[in-house]
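Coordinate inspection notes
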Amino acid sequence: MKKQWLATPYVIWMVIFIVVPMVLVLFFSLVDQTGEGYRLTADNFRRFVDPIYINVLLRSVVLAVISTVICLLAGYPLAMILASKEYSRKRILYMLIVLPMWMNFLLRTYAWMTLLERKGVINSILALLNLPQVDILYTNQAVILGMVYNFLPFMILPIYSVLSKIDPNIIEAAQDLGGNNFIVFKRVIFPLSLPGVVSGITMVFMPAVTTFVISKLLGGGQFILIGNLIEQQFLSSNEWGFGSALSVIMMLLILLSMGVMSRYEQEDGGGALW
Amino acid sequence: MVMRFLKKTYVFLIFAFLYAPILVLIIFSFNESKSRGNWGGFTLKWYMELFKDKQIMSALYYTLLIAVLSSVIATVIGLIASLGIFNLKKVPQTIVLNVNYIPILNPDIVTGISLMVLYIFMNMRLGFLTLLLSHITFNIPYVILSILPKLKQMNKHLYEAAMDLGATPIEAFFKVILPEIMPGVITGFLLAFTLSLDDFVISFFTTGSGVSNLSIVIYGMARRGISPKINALSTLMFVSVLMLLIIVNLRMTKDPERREKSEASKESGRYVADTGHDI
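All values reported here derive from a predicted model rather than from experimental measurement.

Before going further, it helps to examine the overall build of chain A. Counting its regular elements, chain A contains 12 helices and 2 strands. Traced from its N-terminal end to its C-terminal end, chain A shows the element sequence α-β-β-α-α-α-α-α-α-α-α-α-α-α. Buried positions account for 42% of the 274 residues belonging to chain A.

Quick look at the structure:
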């Protein structure tokens, strides 16, 4: 069957709604709109090279990296427990991991404000137990907590799906050959689970580094991330040029990290396009 | 024994962390006092008032309408496009698929902003139409990525066999190809529906003139305090999803034949996980 023309409508759609918008953003990042016409300039990018903005970028990356590491450290053991066959209720547990994602994420993040407030739920419980109070709302810790909370399932699910496909005979063979639990994990299980780890890291780091909502709610506005900066340029200060330049920088950052990650991804067929 | 106890404790702690905010939301939907954090006694009044609140009801209406329209349209366009892309030669196919990946890989904020720039550049008024177009745009790639693998798995000669047996191309498509790739189509549709339902970032930048979905209303409220009516609404939504999952689950465990299908749905878990891009 030769029905290539069926792709044409979508190709047109892609050009209008995917390619042209990208080109427009690139265009606005490279021009100056003063006076009548447009003038080619690198001012928007030059403006970014300022300690204030570099710090914003650094802060975004650092917070995202910390959140990703915490997600990995907390999520990997859980994925392992879920994948181990002794756990009979894994289907239900699997669903329980997906289920929270069905509740609006803004609302779940907002609920953390109720939990973390100075006189909030957590502190009330701590006070009952005569424990010291925590006061982290509107700090970096709260932002990290929000990121870990929102993205932890994206770390657990891919790792779980890879781990549950590992042939148990391989692990048994490793044990028969005299490997203790730690060695079997280090030399067999972990290397085999790497594709899951890589997609988990990607799926946590990407949204974490670009978020502007979590930082706005839990960081209380004073902890600006690159996402917040972009939003500001377009919605409050109306500086499209600078906003577009920041978007281009963000895309480059994402492409760069995808490139780094894909070097660790095994050739597994399928989506190895990028 | 100790190990088992440790494992159970660990699983419990993680789930406590995941469910604490949800529990808080549900509990405070029954709270008499309007301010968050203050418990003023049990009430059901927010569940009554919810349905009288014009802002919330209109947001719910737009959320559902956009989700239904965008997922249906995206599924149709995506299905047609998949058939075409599947038959493309290698080089054009790679190009199309790579462009198709852009909305998935791009940070949502960049997708949202680039679409907003496009609409403003074309002098389109931000509102229902632009919101719908944006949702269709970010939904189609997921539909295509769910359908294409099914097309690849399908026996190449099925279509020719149907034609040899006298079917018209249309008949061959509806009676032979479509049933073959139906699981992919359904996965794509559900994925699109969920993504649209839950989207905030892209909607936030591409809507206007009073058209808001639930996420936007919630975001607007977050600063001055979210009305317990929203808690009531999301409790209702959460409970319905939970019921649905339990029903599906019960039907699957009863019927061994469906088990295999549930394995397939596990595969789609990876796609479901992709929902995370919208934060």
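Moving on from the model shown.
Our focus in this paragraph is the interface of chain B and chain A. On the chain A side, the residues contacting the 70 residues of chain B number 77 residues. If you list the elements that add at least two residues to the side of chain B that touches chain A, you get helix 1 (2-28), helix 3 (54-87), helix 4 (90-105), helix 5 (108-121), helix 6 (128-153), helix 10 (214-222), helix 11 (228-254) and helix 12 (256-273) of chain B. In terms of residue count, the dominant contributor to the side of chain B that touches chain A is helix 1 of chain B (14 residues). Grouping the amino acids of the side of chain B that touches chain A by side-chain chemistry returns 51 nonpolar, 15 polar and 4 charged.

It is worth spelling out the environment of T210 of chain A at this point. Looking at the element boundaries, T210 of chain A is found in helix 9 (residues 181-210). When the C-alpha atoms of T210 of chain A and I226 of chain A are compared, they prove to be 6.8 Å apart, with 16 residues separating the residues in sequence. Apart from residues no more than four positions distant in its own chain, T210 of chain A is found in contact with G227 and M250 of chain A together with P107 and I109 of chain B.

Turning our eyes to something else, we now look at unusual backbone geometry. Residue and element names in this part refer to chain B. Backbone geometry at N123 places phi at a positive 60°, although glycine is not the residue there. Summarising the element assignment, N123 is placed in the loop between helix 5 and helix 6. The phi torsion at S209 lies on the positive side, around 40°, for a residue other than glycine. Following the sequence through the fold, S209 ends up in the loop between helix 9 (201-206) and helix 10.

Below, the discussion takes up the packing of helix 3 (residues 51-83) of chain A against helix 7 (residues 140-163) of chain A. All names here are of chain A. Their axes nearest at 7 Å, the elements helix 3 and helix 7 cross at an angle of 40°. The angle between helix 3 and helix 7 falls in the class oblique. For the element pair helix 3 and helix 7, the recorded crossing hand is right-handed. In the contact of helix 3 with helix 7, the residues fall into 23 nonpolar, 3 polar and no charged.

Let's shift gears to helix 8 (residues 169-198) of chain B. It helps to recall that an α-helix has 3.6 residues per turn; residues three or four apart then point in one direction. Under the 1.5 Å per step criterion, the end-to-end length of helix 8 of chain B is only 38 Å for 30 residues, more than 12% shorter than the ideal 44 Å. Where helix 8 of chain B bends most, the angle comes to about 60°, and this point is M182 of chain B, followed within four residues by the proline P183 of chain B.

Each value, and the rule that gives it
- Residues numbered from 1 in each chain as written.
- Chains lettered and ligands numbered in written order.
- Predicted model: local features only at pLDDT ≥ 70, side-chain atom pairs only at ≥ 80, totals over all residues.
- Helix = DSSP H or I, 4+ residues; strand = E, 2+ residues; numbered from the N terminus.
- Buried ≥ 20, exposed ≤ 12 C-beta atoms within 10 Å, placed from the backbone.
- Contact = placed C-beta atoms within 7 Å.
- Nonpolar A, V, L, I, M, F, W, Y, C, P; charged D, E, K, R; others polar.
- Axes fitted to C-alpha atoms, helices over the stretch in contact; angles between N-to-C directions.
- Parallel < 35°, antiparallel > 145°, perpendicular 65-115°, else oblique.
- Left-handed = near helix turned anticlockwise from the far one by under 90°.
- Expected span 1.5 Å × (residues − 1).
- Bend = angle between axes of the 7 residues up to and from the residue.

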